[in-house]
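# Residue-level structural notes
Each chain, written out:
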Amino acid sequence: MTKTIRPVLALMLASAAMPLHAEEAAMDAAAEAGDVGTGHEIVVTGMKFDRTLQDTPESVKVFTAEEIDRQNLISVYDLIDRTANLSSTFAKSGFNIRGISNKNVSGYGFGNLATIYLDGSPLPTEAAGGGPLDLWDLEQAEILRGPQSTLQGRNALAGAIILKTADPSFDWRGKARAMITDADGEYRLAAAIGGPIAGDVLAFRVAGELARGDGLIRNRLSGGHYAKTNSEVVRAKLLFTPAGADGIQIKASYLYDRHFGNDGRGYVFSDEPGAWDDRTVEANRPTYTKTSSDLFTFDVALPLGHVFTMSSVSTYNHLKTFSTYDGELRPEDEAYGDFLTDQKIFSQEMRLNFDTGPLQGLIGGFYSRLKNPRSDSNSTFSLDPDVDLGLTAQVAALLQTQSGLPADQALGLAQLARSYYPPRVFISSDQRYAVDIETMALFGDASWEVAPGLKLLAGFRYDQERQKVANDNVVILNTVLPDPAAAPDPTLGLILQQINGLLLQTVADANSAGPESTTTYKAFLPKGGISWEFAPDKTVSAIVQRGYRSGGSGVNPGRATTHVYDPEYTWNYELSLRTQWLDRRLTFNANAFYIEWKDQQVYVQLSDNVYDYETQNAGSSRVWGFEVESDFDVTDRLNVYGSVGYANSKFLDFETGNGQVLDLSGFEFANAPRWTWAAGLDWRHPSGFNANLNVNYRGPQFQDIRDQSGGRNVPSRTLVNAKVGYANDYFGTYLVATNIFDDEYYDYQYENAGRMQALFGEPRMIGLTLEGRF
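Residues numbered from 1 in each chain as written. Predicted model: local features only at pLDDT ≥ 70, side-chain atom pairs only at ≥ 80, totals over all residues. Heavy atoms only, no water.

Another point: a positive patch on the surface. Together, K290, K320, K344 and K371 make up a region of like positive charge exposed at the surface. Among the secondary structure elements, K344 is positioned in strand β21 (residues 336–355). Among the residues examined, K344 registers a relative accessible area of 40% and is labelled partly exposed. (Patch = residues over 30% accessible without salt bridge, like charges linked within 9 Å, V, L, I, M, F, W, Y side chains within 5 Å. Areas by Shrake-Rupley, 256 points an atom, 1.4 Å probe, with all protein chains shown as cover. Salt bridge = Lys/Arg side-chain N within 4 Å of Asp/Glu carboxyl O. Lys, Arg positive; Asp, Glu negative; His and termini not counted. Charge placed at Lys NZ, Arg CZ, Asp CG, Glu CD. Helix = DSSP H or I, 4+ residues; strand = E, 2+ residues; numbered from the N terminus. Buried < 20%, exposed > 50% of the residue type's maximum accessible area, 1.4 Å probe, protein only.)

Let us look at the sheet that holds strand β6 (residues 100–101). Pairing is antiparallel in the open sheet, where three strands are placed in the order β4-β5-β6. Since the sheet does not close on itself, it has two edges, and those belong to β4 (86–89) and β6, each with one partner. As judged from the two bridges shared by strand β5 (residues 94–97) and β6, these two strands associate in the antiparallel manner. Of the residues in β6, the one forming a bridge with N96 is S101. (Pairing = 2+ DSSP bridges.)

An ideal rise of 1.5 Å per residue puts 30 Å on 21 residues; helix α9 (residues 490–510) measures up with 30 Å between its terminal C-alpha atoms. At the N-terminal boundary of α9, the capping side chain belongs to D489, with an oxygen 3.1 Å from the backbone nitrogen of T491. (Expected span 1.5 Å × (residues − 1). Polar contact = N/O pair within 3.5 Å; in protein donor to acceptor, adjacent residues only side chain to side chain.)

Another aspect to go through is the packing of helix α8 (residues 407–418) against α9. Two elements in contact, α8 and α9, have axes whose closest approach is 10 Å; the angle formed by their N-to-C orientations is 75°. The angle between α8 and α9 falls in the class roughly perpendicular. Here α8 contributes L413, L416, A417 and R418 to the contact with α9, which in turn contributes L492, I495, L496 and I499. (Axes fitted to C-alpha atoms, helices over the stretch in contact; angles between N-to-C directions. Parallel < 35°, antiparallel > 145°, perpendicular 65-115°, else oblique. Contact = heavy atoms within 4.5 Å.)

Moving on, we come to the pairing of strand β20 (residues 308–326). Summarising the sheet, strand β19 (residues 288–304) and β20 pair through 17 bridges and their orientation is antiparallel. Residue K290 lies in a different strand from β20, and its bridge partner there is F322. Connecting β19 to the next strand, β20, in antiparallel fashion are three residues, including G305 with a positive phi near 80°. Pairing of β20 with β21, which is carried by 19 bridges, proceeds in the antiparallel orientation. By the bridge assignment, Y325 is partnered in β21 with G337.

Using the criterion set out here, one finds 23 aromatic pairs in the structure. Here F90 and Y748 contribute two aromatic rings whose centre-to-centre distance is 5.5 Å and whose plane-to-plane angle is 40°, an arrangement assigned as tilted. Linking F90 in the loop between β4 and β5 with Y748 in strand β38 (residues 746–752), this pair joins segments that are 658 residues apart in sequence. Judged by its relative accessible area of 17%, Y748 is buried. Cluster of aromatic residues (ring-pair linked, three or more members): F90, Y267, Y748 and Y750. In this structure, R285 is placed above the aromatic ring of Y336, and the distance from its NZ or CZ to the ring centre is 3.6 Å. One Lys or Arg, K538, reaches over the ring of W581 and ends 4.1 Å from the middle of that ring. (Phe/Tyr/Trp six-rings, centres within 6.5 Å; stacked < 30°, edge-to-face > 60°. Lys NZ or Arg CZ within 6 Å of the ring centre and 35° of its normal.)

This part takes up unusual backbone geometry. Of all residues except glycine, most have a negative phi; of all peptide bonds, most are trans. Even without being a glycine, F90 presents a positive backbone phi close to 50°. Judged by relative accessible area, which is 32%, F90 ranks as partly exposed. Positive phi values are uncommon outside glycine, yet D583 reaches one of about 55°. Here D583 lies in the loop between β29 (568–581) and β30 (586–605). With a relative accessible area of 75%, D583 lands in the exposed category.

A few words on the environment of L118. Structurally, L118 can be placed in strand β7 (residues 114–118). Taking the C-alpha atoms as reference points, L118 and L133, 15 residues apart in sequence, are found 8.6 Å from one another.

A word on the pattern of salt bridges. Applying the stated criterion across every chain yields a total of 53 salt bridges. For K251, the salt bridge is made with D167, and the minimal N-O distance between the two is 3.1 Å. Highlighted residues: K251 in strand β16 (residues 249–261) and D167 in the loop between β10 (159–165) and β11 (173–181), separated in sequence by 84 residues. As far as burial versus exposure is concerned, K251 and D167 are alike and both buried. A salt bridge links E332 to R330; its shortest N-O distance comes to 3.5 Å. Of the residues examined, E332 reaches a relative accessible area of 38% and is grouped as partly exposed. Each member of the salt-bridge network shares a partner with another, and the members are R98, R145, E574, E627 and E629.

Okay, the pairing of β4 next. Burial along β4 is two-sided: L86 and S88 facing one way and S87 and T89 facing the other are all buried. Where β4 lies against β5, four bridges are found, and the strand directions are antiparallel. Within β5, the residue paired with S87 across the bridge is N96.

Turning next to the side chain of T297. With respect to the helices and strands, T297 occurs in strand β19. A relative accessible area of 11% places T297 in the buried class. A polar atom in the side chain of T297 sits 2.2 Å from the side chain of S253. Setting aside chain neighbours within four positions, we find T297 in contact with D119, K251, A252, S253, S314 and T315.

Our next topic: the sheet that holds strand β17 (residues 267–269). Strand order in this open sheet of three strands is β17-β39-β38, and the pairing throughout is antiparallel. Both outer strands of the open sheet, β17 and β38, are each paired with one neighbouring strand and no more. Geometrically, the sheet is characterised by an average inter-axis angle of 30° between neighbouring strands, direction not taken into account. Relative to strand β39 (residues 755–760), β38 runs antiparallel, the two being bridged by six bridges. Bridge pairing in β39 links Y746 to F760.

Let us now look at the side chain of E771. With respect to the element layout, E771 can be found in strand β40 (residues 765–773). Engagement of the side chain of E771 in a polar contact is seen with the side chain of K723, the distance being 3.1 Å. With sequence-adjacent residues up to four places away left out, E771 is seen in contact with D69, A176, R177, K723, F731, G732 and Y734.

Put into structure tokens, the structure is as follows:
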């Protein structure tokens, strides 16, 4: 932590720990009444037009600040694992929505399929594994399921996650929290404070959190902890209202976020007795990711009479990452490397919102530019010349064509020559990529009440994207090759010379210094639908909309050539039901969907050389399913809630003009459980005692799209969590527990260098939380 940030965070922690009074007014009123229910209307902001959840036909899950606190939700992945048709992947370094990964379904393609937005700023893929995803002092989180390309643009084909941090207020407010957990030795210290600077014109809010942990993995080679983590987050916001609450509002914020480690998780040896409880590696090199984010936002809202509001949202995000890894987790240096990026992302959005009563909506323009002048990937790894390059087969074919030898004799000589080489050869690679992406868009969305209770829905986006990509790959063969002159006979020496030549040529082909290439993509994305309130508080809707992911260019590692591929598109057909019952104490909502995916960007193998591949628009698939969510205020003290999701994914067909396409027809998406569900209860007594008990389930899934013959090889898991304690207007103390029944599960498992390795989930963790407010 820098010298300037440390005292600021220390001051916040000290000032928020003073004698505590009441929290924010709305939460105080609910606490005094003993009301744990939703009571007030939940407003969805991620659709860029404030509508209540019940008036939003799109599939949205909203977590309020109260729910985040009561359920002890620490990071975005806690939200993900407790939402129908979402699940985290790869030890909480990625996620899927309706079975669609936020990164890729087939493992290839340039852009993301789902994006996390923080105060209007899109976070790059690298941030999903260790960026600013903590939920401290968050005002609301919204998970949008289904294509959001109309309003969000690129990288939202599967959906989006919208995070909104708490705004300043014109009365003094503050809170603090201290947490400690047993299994990973983590502790967290957090505080937030804010209030007026100049009457009702200028206000501020500062929030910060510091976390340290030993992690869950022990390195037997060094004797220490292998997955230590630490993070430091400070957020400062200003609110300026020169004309009062009903006039122009200007919000400016800065986020300082530093995350180091891998959240205490990573691959461990899973083929040993007791591996779940004693997670070990024997690595001689570190494995961690260091992420730094500096995010600036400037948000202006200007009312123009009673109908129109002009909005401007400007963001600038400087995100840097550095990762290093030990590929085999053993003392042998068979696979290791590092990776760094330095991205600068600027975005500007202008919107004109309008509300005439029957007609509501918006029209806007968007511009963004992402510049990453250098993504540098360095790796050293080994490969089997026969399995990965088809070397022996190539030599045998040459002997047949050049020397006229019979097939069996040529193969025998090739195998004899192969015995002079080690089983594996080592290669070092330094790959550098420069990316410059510029996006411009015009978009709109509206609803028109043409008759009482009957609305027509429409939207569009015209998106234009320009990509500039350059690459520079340097590949070196590290293995010493046999000397043909030392061969026992001249014939064998000639064959060794041919093999050496093939290996060296393969390495030479992978070296390149590609010139900058520019590609441009345009897309029109329409949306249409109808909504009918057939009874009070009961509405049914139907929506059709188009989603897309832009195309791109890539590099064939085996040939050092560049190639271009086109955008991919989806049509999403959705039915929704929004209902409230029992004087709005019971909410029951549902969505059913069918996604048709065309021109899918997929992996195509061009030869027996495992590195001779590229991305082509050669696939199609479909996903169908539903989400059902309910919330019930049983009494003023007891609230119960639940959700269930089903997503059925399948690749339909692959067609390609050249190469050996990997035919996945009939296969399901990887890391895509069909069933997910969650449920919980929240109880609060007027005396101050309270409890939250919740459970979430993720069904079995395939961990790979290439081999599904053995059934779903990632088993299901069920996690039960609780937060129990006492709170009054001044402070609270809680006992928290996650995975209470210590359900043993993993996200991914494979054989690596003769050992089974897995990404285990979190074990049972018990913690203590102290909270205070004023």
